Amino acid sequence: MQIGIVGLPFSGKSTLYQTITKTHLDPSALSKVEAHHAIVKIPDERLEKCVSIFSPKSTVNATIEFVDVVGLKKGESGSTQFTTNFLANVKTNDALVQVVRLFSNDAVPHPDGSIDALRDIASFETEFILSDLSIIELRIDRIKKQVQKTPDEHLKKELPILQRCHQILLTEKPLREVSFTKDEHQILKTYQLLTIKPMLIALNFDESQRSTMEQTVRDIGAKKENQGTKVVSFFGKIEMEMSELPDEESKAFMSEYGINESALDTLIREAYTILGLQSFFTVGEDECRAWTIRKGMTAQDAAGVIHSDFFNKFIRAEVVGYDHFITHEGSFAKAKEAGHWRLEGKEYVVKDGDILSIRHS
Ligand SMILES: Nc1nc2c(ncn2[C@@H]2O[C@H](COP(=O)(O)OP(=O)(O)OP(=O)(O)O)[C@@H](O)[C@H]2O)c(=O)[nH]1
Ligand SMILES: [Mg+2]
């Protein structure tokens, strides 16, 4: 899974990127030519707990790839230019984090001259809607022409979905606010539309704004949150400084500042929620591992994530829920005695935290 960090110039994208990826970018490399990519291990207390029980030879966390998306330019008139290069870089992400600037800093003036989060959020929304509209209009025209020549059932099915999207976008509504069926999603996926991508709006505050921060998050949340959009907050500057410290010191520093959760933990938790993701675990003395799957996936789907062969040769899954597993000291046998071990078939819908052992032929 790939999450793109976008935002207006000087909003704190590279600051957030460096914080969550614990990388340090050379200021001269912060140039806006190439995107920075980093694969981040997803911290997971449950996996750590399993590791403390099994002391395995290897531990594998689930991962997410973060991208510091570049290419947004300040135009000559002062306004930001959403270049095609930038939009192309946004397309390939599964979800987006939009960094919105709340901090003031005279040394780096806001490109629009003032701090106004709702204005900044709206400017992205408008550009993304325009980009989606042009893609959809082009496609609708093509399909109409093609269908006249050779009637194609698949294309005919596509047309009403695209027309519905077109209508929605004309009302200035992003597609992430709308529910689509699995099939519709599948069709729309090929167009890499921007407004359909789940979005986390990450408000970047200065530590001096601590007292008003919660209220601001609530106000913006009330206006902007929906099924595909969530508003979160972070303190760009100090969180980056903390991320450069050793873990223990950074934790102490954070609690001193009243920060309960790091920017990385918040982003991952919320990204999982809006993307409809969850984890399951495989454990043993060789390896303890966390896996990411979509909610609603079955035991057979989950087996396929581990190995494509496991999908085809799936027989059954041994399942123990995470809490029961820990209560029984990580022993399938003890969980079984207590009646918390189950043998499930391929249709079983995996639950968050399930410990699975796949039986295959
Ligand atoms: N005071 C204050 N300054 C911040 C904060 N976050 C970022 N900055 C500063 O704002 C400037 C821009 O931050 P970056 O993270 O480079 O912003 P960016 O969005 O990557 O900028 P571009 O890549 O140039 O579009 C840097 O000088 C940061 O130190 C913050 O929370 N408080
Ligand atoms: Mg940057």
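Residues numbered from 1 in each chain as written. Chains lettered and ligands numbered in written order. Predicted model: local features only at pLDDT ≥ 70, side-chain atom pairs only at ≥ 80, totals over all residues. Heavy atoms only, no water.

Asker: Quick rundown of the domain arrangement of the protein chain? Include the residues and the values.
Answerer: By domain assignment, the protein chain separates into domain 1 (2–274) and domain 2 (296–360). The C-alpha-based centres of domain 1 and domain 2 are spaced at 33 Å. Facing the six residues of domain 1 at the interface are eight residues of domain 2. When domain 1 packs against domain 2, close to 540 Å² is buried across both sides, 74% of that on carbon and sulfur atoms. For the pair domain 1 and domain 2, the number of links is one salt bridge. A salt bridge links D352 to R46; its shortest N-O distance comes to 3.2 Å. At the junction of domain 1 and domain 2, the tally comes to one residue pair in polar contact (both at pLDDT 80 or more). Each residue belonging to the side of domain 1 that touches domain 2 can be placed in one class, and the counts come to three nonpolar, no polar and three charged. (Domains from an automatic or database assignment. Contact = heavy atoms within 4.5 Å. Buried area = accessible area lost by both parts, 1.4 Å probe. Salt bridge = Lys/Arg side-chain N within 4 Å of Asp/Glu carboxyl O. Polar contact = N/O pair within 3.5 Å; in protein donor to acceptor, adjacent residues only side chain to side chain. Nonpolar A, V, L, I, M, F, W, Y, C, P; charged D, E, K, R; others polar.)

Asker: Residue-level account of the pairing of strand β12 (residues 314–320), with values.
Answerer: Of all seven residues that make up β12, five are buried, and the element is covered over most of its length. Here β12 pairs with strand β14 (residues 355–360) via six bridges, running antiparallel. In the sheet register, A317 faces β14, and the bridge partner there is I358. Two elements, β12 and strand β13 (residues 342–344), share three bridges in a ladder whose sense is antiparallel. Directly across from A317, in β13, lies its bridge partner E344. (Buried < 20%, exposed > 50% of the residue type's maximum accessible area, 1.4 Å probe, protein only. Helix = DSSP H or I, 4+ residues; strand = E, 2+ residues; numbered from the N terminus. Pairing = 2+ DSSP bridges.)

Asker: Account for the nonpolar core, with residues named and values stated.
Answerer: Ranked by size, the top nonpolar core spans 40 residues in total, and within it I5, L16, I20, F66 and V97 carry the most contacts. Sorting elements by how many residues they give to this core places helix α10 (residues 263–275) first, with eight residues. Discounting residues that sit within four places of it in the chain, V97 has contacts with I3, G4, I5, V6, L16, L200, A202 and L267. One finds V6, L96, M213 and I220 within the second-largest nonpolar core, a separate group that totals 30 residues. (Core = buried A, V, L, I, M, F, W, Y, C linked by side-chain atoms within 4.5 Å.)

Asker: So what's going on with the pattern of salt bridges? Residues and values would help.
Answerer: Counted under the stated rule, the structure contains 15 salt bridges. With a shortest N-O distance of 2.9 Å, R269 and E270 are connected by a salt bridge. When its relative accessible area of 41% is taken as the criterion, R269 is described as partly exposed. Between K334 and E329 there is a salt bridge, and its shortest N-O distance comes to 2.7 Å. A residue is classified by how much of its surface remains accessible, and K334, at 39% relative accessible area, is partly exposed.

Asker: Lay out helix α3 (residues 84–91) in plain terms, naming residues and giving numbers.
Answerer: Within the span of α3, buried status applies to F86, L87 and V90. Summarising the axial view, the buried residues of α3 lie within an arc of 95 degrees, below the 170-degree limit, and thus occupy one face. (Arc of directions from axis to C-beta.)

Asker: Quick one: what's the story with the packing of aromatic side chains, residue by residue and with numbers?
Answerer: On inspection of all chains with the given rule, the structure shows nine aromatic pairs. Pairing F54 with F325 gives two aromatic rings, centres 6.2 Å apart and planes at 15 degrees, and the pair type is stacked. Remark: F325 occurs in helix α13 (residues 322–327) and F54 occurs in helix α2 (residues 45–54); sequence separation between them is 271 residues. Taking the relative accessible area as the measure of exposure, F54 reaches 16% and is therefore buried. Exposure remark for F325: the relative accessible area of 0% places this residue in the buried category. Each ring, one from F124 and one from F128, has its centre 5.6 Å from the other, and the planes form 85 degrees; the classification is edge-to-face. Here F124 and its partner F128 are both found in helix α4 (residues 117–149), four residues apart, which amounts to about one turn of the helix. Across the pair, F128 and F124 agree in class, each one buried. One aromatic cluster is present, formed by F82, F86, F124 and F128 through successive ring pairs. Sitting above the plane of the F235 ring, R210 keeps its charged end 5.1 Å from the centroid. Looking at R289, its charged tip hangs above the ring of W291, at a distance of 4.0 Å from the centre. (Phe/Tyr/Trp six-rings, centres within 6.5 Å; stacked < 30°, edge-to-face > 60°. Lys NZ or Arg CZ within 6 Å of the ring centre and 35° of its normal.)

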